[in-house]
Amino acid sequence: MSKLPDIKNTAEAKTRAIVTVIGEDQVGIIAGVATILADSGANILDISQSIMQEFFVMIMMVDLAKAKVSFEELKTQLNAKGAGMNLKIDIQREDVFKLMHRV
Amino acid sequence: MASSSYSPQEIVETIRMVQMEKLDIRTITMGISLRDCASESAERLAIRAYDKICRKAAKLVATGEAIAREYGIPVINKRISVTPVAIVAEAASDADQLETMLKIAHAMDRAAREVGVNFIGGFSALVHKGATPGDMALMNAIPQALAETERVCASVNIGSTKSGLNMDAVALMGRVVKEAAQRTAAADGLGAAKLVVFCNAVEDNPFMAGAFHGVGEPDCVINVGVSGPGVVLRAVEAAPEADFGELSTIIKRTAFKITRMGELFGRTASERLGAPFGIVDLSLAPTPAVGDSVARILEAMGLERVGIHGSTAALAMLNDAVKKGGAMASSYVGGLSGAFIPVSEDIGMIESAEMGVLTFDKLEAMTAVCSVGLDMIAIPGDTPAETIAAIIADEAAIGMINRKTTAVRVIPAPGKKVGDSVEFGGLLGRAPIMPVHTLSSAAFIQRGGRIPAPIQALNN
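Residues numbered from 1 in each chain as written. Chains lettered and ligands numbered in written order. Predicted model: local features only at pLDDT ≥ 70, side-chain atom pairs only at ≥ 80, totals over all residues. Heavy atoms only, no water.

### Quick word on helix α15 (residues 385-402) of chain B
Residue and element names in this part refer to chain B. When the terminal C-alpha atoms of α15 are compared, their 26 Å separation across 18 residues agrees well with the 26 Å that a helix rising 1.5 Å per residue should span. Here α15 lies mainly inside the structure; 13 of its 18 residues are buried. Arg403 occupies a position one or two residues after α15 and carries a positive phi of about 50 degrees. (Helix = DSSP H or I, 4+ residues; strand = E, 2+ residues; numbered from the N terminus. Expected span 1.5 Å × (residues − 1). Buried < 20%, exposed > 50% of the residue type's maximum accessible area, 1.4 Å probe, protein only.)

Next comes the structure, spelled out in structure tokens:
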């Protein structure tokens, strides 16, 4: 599938993305984000959360292989959800993290 | 799954690099060959060039922006470089050659506007050994072309390690730089900010104003320039006690991460645009924004201000560590690859120059150990053309002897003198007028001819 095995070595890596939530901890963060993801057909593969430098950080790895909406649309929805909860919510394709942190 | 889980620290590090430390992809530059556009008719040449640029680059801007959104890392500039115009336009014989060159400049400008790129490079000539009539026409057309167009950038290669320095071209370019500034006097000599005079010019440089699409390149190619002085600064600041070996390792590791982003963006853009991936240029390119300064990295190493004793050594170490870290991160590294030290585009350089700490001569010394050369330096408007030519000759000599690319982009700001400053706005920034030597180099420049190629042995 990929002509560039040195970077994108699997088909699933192409459809995986990382959702990040950064801000003040509050009730309903996971529910809010998970609802948007479920409605979009994005499958949550992994969730982790921690407190770093006084900020709540939640990270979700999602698979968009069966997503019903475009990447851009999902990003817009998540950004808007974040703005409504005074959080920074974003989604980025997984390759960015893979390349930067894995040799 | 295990191998691709990331720790929160890793995720946050990446996000912090982008949001707080201004990590960005500085430019995705599409190189386009115009060799197949040559014609005996200047009109037909201009139409072909316009059409080809618009066709190849139609999706460049939209693609760059889409990739930036998906990966969450900004792509600041989308740009185009073309085959040196002197080569393409020389065959047009139905019009005055100077008119032909201007016609192409306007066609490039219109095409750049049409596809939405802010700069298009390649209004260029390669005259390191000698100039053809077409090369002469191009060089003579540069001041008018830069004054009449908005987005066109010009460059001229006047020397190389293998051929020596073409001092006739050096003398001519001294006059061209001065006239380019004078014709854009109302904008503080902005024309000269879009003109680079090279020694050992590279064919795959994605950075403006010196980008052109070399004759050894394919029909169309994607080159990427990364940035990230802020990321390196933060890493250096976090290690105040580190010795130089440790510091070098820290910079290498950071450069690796930055360059990986360039590789990812280059390959993705290349795949989506259907053009082969050329190179990642792993340069540290500053912007006037606070926190995006190469000067601040040198100061974080322990220099009170950039430009004092120790600055050359600090820059040499930084430049080398960036190359070492970056070289491992990408399959194809090219372009200029190193640390840029433009004065007007770097807040630390601007401040130090305003204080009189950073001098023209110290900048020249620093260019011997880093990427590019005397870049974006504003000098008095009454500086004689011969002095500008002598500045070009000095810088080219450094490149020729050290087998590296050097360049001169000085702006003799019309009507301005030491104590004044010029404001170009945007990424080009602002600069105080820096003093240059006022005694004459004219007799030296008037000799003309060529400085022979240097011996490549007995290296001392």
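Resuming the write-up.
### Notes on the domain arrangement of chain B
Residues and elements named next belong to chain B. When its domains are assigned, chain B resolves into domain 1 (29-199) and domain 2 (223-451). One C-alpha centre belongs to domain 1, the other to domain 2, and the line joining them spans 22 Å. The partner domain 2 presents 46 residues to the 46 residues of domain 1 that form the contact. Carbon and sulfur atoms make up 69% of the area that domain 1 and domain 2 hide from each other, which totals about 3700 Å². It is Leu165, Met167 and Asp188 in domain 1 that bury the most area against domain 2; as a group they hold 18% of the surface buried on that side. Glu70 serves as the salt-bridge partner of Arg272, at 2.9 Å between the closest nitrogen and oxygen. For the interface between domain 1 and domain 2, the tally reads twelve residue pairs in polar contact (both at pLDDT 80 or more). Every element with two or more residues in the side of domain 1 that touches domain 2 is listed here: β1 (25-32), α3 (60-71), β2 (75-82), β4 (152-160), β5 (164-166), α7 (167-182), α8 (190-193) and β6 (195-199). With eleven residues, the top contributor of residues to the side of domain 1 that touches domain 2 is α7. The residue inventory of the side of domain 1 that touches domain 2, partitioned by class, reads 27 nonpolar, eleven polar and eight charged. (Domains from an automatic or database assignment. Contact = heavy atoms within 4.5 Å. Buried area = accessible area lost by both parts, 1.4 Å probe. Salt bridge = Lys/Arg side-chain N within 4 Å of Asp/Glu carboxyl O. Polar contact = N/O pair within 3.5 Å; in protein donor to acceptor, adjacent residues only side chain to side chain. Nonpolar A, V, L, I, M, F, W, Y, C, P; charged D, E, K, R; others polar.)

### Details of the side chain of Glu299 of chain B
Residue and element names in this part refer to chain B. Here Glu299 lies in helix α11 (residues 294-300). Residue class for Glu299 comes out buried when judged on its relative accessible area of 15%. Those residues in contact with Glu299 that lie beyond four places of it in its chain are Glu304, Arg305, Val306 and Gly348.

### Overview of empty space enclosed by the protein
Residues and elements named next belong to chain B. Considering all chains together, one arrives at three cavities of 30 Å³ or more under this definition. By volume, the largest cavity amounts to about 340 Å³. Phe207, Met208, Ala209, Glu345 and Arg409 are, among the 29 residues lining the largest cavity, the residues nearest its centre. Only β2, β6, β9 (374-380) and β10 (406-413) provide two or more residues apiece to the lining of the largest cavity. (1 Å grid on protein atoms, 1.4 Å probe; cavity = no way out; pocket = protein on both sides within 12 Å on 5 of 7 lines; lining within 4 Å. Points joined across faces, edges and corners; volume = space filled by probe spheres on them.)

### Details of the nonpolar core
In this structure, Phe123 and Leu318 of chain B are the most contacted members of the largest nonpolar core, which totals 154 residues. Residues contacting Leu318 of chain B, with those up to four places away along its chain left out, are Val232, Ile251, Leu284, Val294, Ile297, Leu298, Met301 and Ala339 of chain B. (Core = buried A, V, L, I, M, F, W, Y, C linked by side-chain atoms within 4.5 Å.)

### With respect to the packing of aromatic side chains
Counted under the stated rule, the structure contains two aromatic pairs over all chains. A centroid spacing of 5.5 Å and a plane angle of 50 degrees characterise the contact between Tyr71 of chain B and Phe265 of chain B, whose relative ring orientation is tilted. In this pair, Tyr71 of chain B sits in helix α3 while Phe265 of chain B sits in helix α10 (residues 244-273), placing the two residues 194 residues apart along the sequence. Taken individually, Tyr71 of chain B and Phe265 of chain B each receive the classification buried, so the pair is uniform in this respect. Centroid distance Phe207 of chain B to Phe340 of chain B: 4.9 Å. Interplanar angle 75 degrees. Geometry classified as edge-to-face. With a gap of 133 residues between them, Phe207 of chain B in the loop between β6 and β7 (220-226) and Phe340 of chain B in the loop between α12 (311-329) and α13 (347-354) connect regions that are remote in the sequence. For the residue pair Phe207 of chain B and Phe340 of chain B, the accessibility class agrees, reading buried in each case. One cation-aromatic arrangement involves Arg93 of chain A over Phe71 of chain A; the distance from NZ or CZ to the ring centre is 4.4 Å. (Phe/Tyr/Trp six-rings, centres within 6.5 Å; stacked < 30°, edge-to-face > 60°. Lys NZ or Arg CZ within 6 Å of the ring centre and 35° of its normal.)

### Considering the environment of Pro452 of chain B
All names here are of chain B. Tracing the backbone shows Pro452 in the segment after β13 (450-451). Expressed as a C-alpha distance, the spacing of Pro452 and Gly130, which sit 322 residues apart in the sequence, is 12 Å. Here Pro452 is in contact with Gly164 and Met400, once residues within four sequence places are set aside.

### A closer look at the environment of Val369 of chain B
Residue and element names in this part refer to chain B. When you line up the elements, Val369 lands in the loop between α14 (360-367) and β9. You can call Val369 partly exposed: its relative accessible area is 26%. A C-alpha to C-alpha distance of 9.1 Å links Val369 and Asn402, two positions 33 residues apart in sequence. With sequence-adjacent residues up to four places away left out, Val369 is seen in contact with Thr312, Leu315, Ala316 and Asn319.

### Looking at the pairing of strand β3 (residues 120-126) of chain B
All names here are of chain B. Taking burial as the measure, the seven residues of β3 include six buried ones, the bulk of the element. Across two bridges, β2 lies against β3 in parallel orientation. Pairing of Ile80 across the sheet is with Ile120, part of β3. One ladder, built from six bridges, connects β3 with β4; its direction is parallel. Bridge assignment links Phe123 to a residue of β4, and that residue is Ala154. (Pairing = 2+ DSSP bridges.)

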